[in-house]
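# Understanding the architecture of this molecule
The primary structure of each chain is shown beneath.
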Amino acid sequence: TCPESSSPLPESINFDMLQVFFSQYVANCAGYIYTRANVLHHTVTQVNLPANFPVQMNTTYFKQLIPTLYQSYPNEAMTIYVYAETPPISVFNESGAFVWGSFFLNVSVVGSSSRQVFTLLMDVSTQVDIAVAAGNLTGKVSFVNLALSQVSSTIGVIDVSQLDSVVGFGIQ
């Protein structure tokens, strides 16, 4: 059962024959259900990225950003397992829809054996604007904010401020 309580929707805004209403209750319940069902997760590998994507999933690419990663695992392939333990939160108001979520990023190297190297916590917020233009439903997602923090590491302290732009670019 969704822990959020629903609020009544308006009966009508105008006299159009068809009107669609979407509440934050629906979005928050969907986030709750998807989190409980362990659906909000994804593994990022080099194969998942477009061929022209500038970020490479290899420790050599991160040599300047995370020197101890490269020193410990030179020229190793990497994977990032992204998952949510708590549901994202949606708020709808006159300015649009806002979504906040926290995701863990488990970073592993993949060589002769796979080994988890560090975990980051990523708090991200976005704004979603939905409109009807020329009879079409349109939407625009704007990246608003990103905060990274280190949760654990086998290679010492990681300067997460160096990673903000790389992760932000990947989200956009």
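Scroll up to find the structure.
Below is a short write-up of the structure.

What counts, and at which threshold
- Residues numbered from 1 in each chain as written.
- Predicted model: local features only at pLDDT ≥ 70, side-chain atom pairs only at ≥ 80, totals over all residues.
- Heavy atoms only, no water.
- Helix = DSSP H or I, 4+ residues; strand = E, 2+ residues; numbered from the N terminus.
- Contact = heavy atoms within 4.5 Å.
- Areas by Shrake-Rupley, 256 points an atom, 1.4 Å probe, with all protein chains shown as cover.
- Lys, Arg positive; Asp, Glu negative; His and termini not counted.
- Charge placed at Lys NZ, Arg CZ, Asp CG, Glu CD.
- Buried < 20%, exposed > 50% of the residue type's maximum accessible area, 1.4 Å probe, protein only.
- Pairing = 2+ DSSP bridges.
- Phe/Tyr/Trp six-rings, centres within 6.5 Å; stacked < 30°, edge-to-face > 60°.
- Disulfide = S-S within 2.5 Å.

## Points about the overall build of the chain
- For the chain, the helix and strand inventory stands at 3 helices and 6 strands.
- Along the longest, intermediate and shortest principal axes, the C-alpha atoms of the chain span 65 × 35 × 25 Å.
- Looking at the chain alone, contacts between residues at least 24 apart form 49% of all its contacts between residues at least 6 apart.
- With the model as given, the accessible surface of the chain reaches about 11,000 Å², and the carbon-plus-sulfur share is 57%.
- Computing the positive centroid from 4 side-chain charges and the negative centroid from 10, the chain places the two 17 Å apart.

## So, the pairing of strand β2 (residues 77-83)
- Among the 7 residues that make up β2, 5 are buried, leaving the element largely enclosed by the rest of the structure.
- Here strand β1 (residues 41-44) runs beside β2; their pairing, made up of 4 bridges, is antiparallel. Residue pairing in the sheet places His42 in a bridge with Val82 of β2.
- When β2 meets strand β4 (residues 96-110), the two strands line up antiparallel, connected through 7 bridges.

## Quick word on the packing of aromatic side chains
- For the structure on display, the rule yields 4 aromatic pairs.
- Ring centres of Tyr61 and Phe62 lie 5.1 Å apart, and the angle between their planes is 80°; on these two criteria the pair is classed as edge-to-face.
- Residue Phe62 is classed as buried on the basis of its relative accessible area, which comes to 6%.
- Ring centres of Tyr81 and Tyr83 lie 5.3 Å apart, and the angle between their planes is 25°; this geometry places the pair in the stacked category.
- Residue classification places Tyr81 among the partly exposed residues on the basis of a relative accessible area of 28%.
- A network of ring pairs unites the aromatic residues Tyr81, Tyr83 and Phe104 as a single cluster.

## Brief notes about the side chain of Thr126
- Tracing the sequence through the fold places Thr126 in strand β5 (residues 114-133).
- Discounting chain neighbours no more than four positions away, the residues touching Thr126 are Ala97, Phe98, Val99, Val141, Ser142, Phe143 and Val144.

## Observations concerning the state of the cysteines
- If you walk through the whole model with that rule in mind, you get 1 disulfide.
- Across the disulfide from Cys2 sits Cys29; the S-S distance is 2.0 Å. Residues Cys2 and Cys29 are joined through a disulfide that is left-handed, its torsion about the S-S bond being -90°. Of the two residues, Cys2 is situated in the segment before α1 (24-36) and Cys29 in helix α1; the sequence distance between them amounts to 27 residues.
- In this structure Cys2 comes out as buried when scored by relative accessible area, which is 17%.

Structural measurements only, silent on function.
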